[in-house]
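Given next are the chains, with one letter for each unit.
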Amino acid sequence: MKKDKTHIHWYPGHIAKAEKKLKEQLSLVDAVIEVLDARLPLSSCYEDITRLLGQKPRLILLNKSDLVEKSELNKFIKYIEEKTNCPVIPTDAKHSKDLNLIIKKAVELSEPRIQALIAKGLLRRAARVMVVGLPNVGKSSIINKLTRSSKTKIGAKAGVTRQQQWVRINPQLELLDTPGIIPMRQEDQERAKKLAFVNSISENAYSNEIVAQDLLDILNESQAKVFREYYKLPDDKELNIDNISLERNWLLTGGSTDRERTSVYILRDFREGKIGKFILDKINQ
Ligand code: G4P
């Protein structure tokens, strides 16, 4: 059967499997570092995270903060902190060298659980944390940055599969070196599209042309000027794939517009922050 490319697809079987794995990983840690994409501070959050975590503390990172306006992001930081009661830190794992604040907060958040162990008569141990998030939000980049200074692999622990290694960040903190990948249900197509814009959904699940045009439509509401300037599109020309294709001279033999190539470029330009700095969510959306 041919896949309907107007919809973004998801597979309940894969999700159940991924969630089971994530639960196993979560059972090993004292606290969780959840990585969100700063361009989607609300839509890149896993709605079921509190169910999965129970009482476990969570530090939220709004990563790729270099791709959004700082003042806009600050509004979301405040909003998410109030809504979740979790600390929120903006991060730029691509350029930043100093992720010490993450380490400090992760230790702080884990401390009540360590204290609970001590109260039970156990010896103090380092806090154990892991990084979770949707695909492509920057989980591995953050783990790499956090572990770069400390390559002390301390091996597998009881109950952990061989591949799962812990890295000692400092005497107070150990980090699971594999991220927890959050499986995303795509019942909400609007949200799925936003996740496709930032490359958090496999390209096989959607059509580049449809997603690129959706991106143009969304940004046309608020950022038409910036977009038009970037693609040098005059005001009398509609902001669409064909006009951008003509303007850039991305044509097929025979002269018709190369919609696929143009769509791939539009999505790439947006993802790399070349067009401008946009947050695609709205508070109280
Ligand atoms: P993941 O583990 O969550 O799947 O994400 P990963 O760290 O692999 O990062 C996905 C892409 O996002 C990478 O780009 C990475 O460099 C980029 N990235 C991560 N954090 C940031 C950030 O704070 N700002 C920006 N601008 N980009 C970030 P890539 O093109 O796939 O790889 P590369 O060419 O950078 O190596």
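Described in the following lines is the structure provided in the data block.

Cut-off values and rules
Residues numbered from 1 in each chain as written. Predicted model: local features only at pLDDT ≥ 70, side-chain atom pairs only at ≥ 80, totals over all residues. Heavy atoms only, no water. Near = heavy atom within 4 Å. Polar contact = N/O pair within 3.5 Å; in protein donor to acceptor, adjacent residues only side chain to side chain. Areas by Shrake-Rupley, 256 points an atom, 1.4 Å probe, with all protein chains shown as cover. Helix = DSSP H or I, 4+ residues; strand = E, 2+ residues; numbered from the N terminus. Nonpolar A, V, L, I, M, F, W, Y, C, P; charged D, E, K, R; others polar. 1 Å grid on protein atoms, 1.4 Å probe; cavity = no way out; pocket = protein on both sides within 12 Å on 5 of 7 lines; lining within 4 Å. Points joined across faces, edges and corners; volume = space filled by probe spheres on them. Salt bridge = Lys/Arg side-chain N within 4 Å of Asp/Glu carboxyl O. Buried < 20%, exposed > 50% of the residue type's maximum accessible area, 1.4 Å probe, protein only.

## Side note on the site of the ligand
- Around the ligand lies a shell of 15 residues, among which Asp-66, Ala-93, Lys-139, Ser-140 and Ser-141 are the nearest.
- The side chain of Lys-139 places a nitrogen or oxygen atom 2.7 Å from an oxygen atom of the ligand.
- Side-chain polar atom of Ser-140 to an oxygen atom of the ligand: 2.6 Å apart, as the coordinates give it.
- Protein chains shield 62% of the accessible area of the ligand, which is 710 Å² for the free molecule.
- Per-element tally for the shell around the ligand: the top contributor is helix H5 (residues 139-148), with three residues.
- Looking at side-chain class alone, the shell around the ligand contains five nonpolar, five polar and five charged residues.

## Quick notes on the layout of surface pockets
- Of the pockets and cavities examined, the second largest pocket occupies roughly 420 Å³.
- Lining the second largest pocket are 19 residues, with Lys-64, Leu-67, Lys-94, Asn-136 and Arg-271 positioned closest to its centre.
- Grouping the constituent residues of the lining of the second largest pocket by class yields four nonpolar, seven polar and eight charged.

## Here we look at the pattern of salt bridges
- Applying the stated criterion across every chain, the model contains 20 salt bridges.
- Where Lys-78 meets Glu-82, a salt bridge forms, and the shortest distance between an N and an O atom there is 3.7 Å. Placement of both Lys-78 and Glu-82 in helix H3 (residues 70-84) is noted, with a separation of four residues, approximately one turn of the helix. Glu-82 shares its class with Lys-78; the two are exposed.
- The shortest N-O distance in the salt bridge between Asp-214 and Lys-193 comes to 3.3 Å. Taken together, the residues Asp-214 in helix H7 (residues 208-231) and Lys-193 in helix H6 (residues 189-197) connect sequence positions 21 residues apart.
- Take Asp-214: its relative accessible area is 18%, and that puts it in the buried class.
- Relative accessible area serves as the criterion here: at 18%, Lys-193 is assigned to the buried category.
- Taken together, the salt bridges that share partners define one network made up of Glu-19, Asp-48 and Arg-51.

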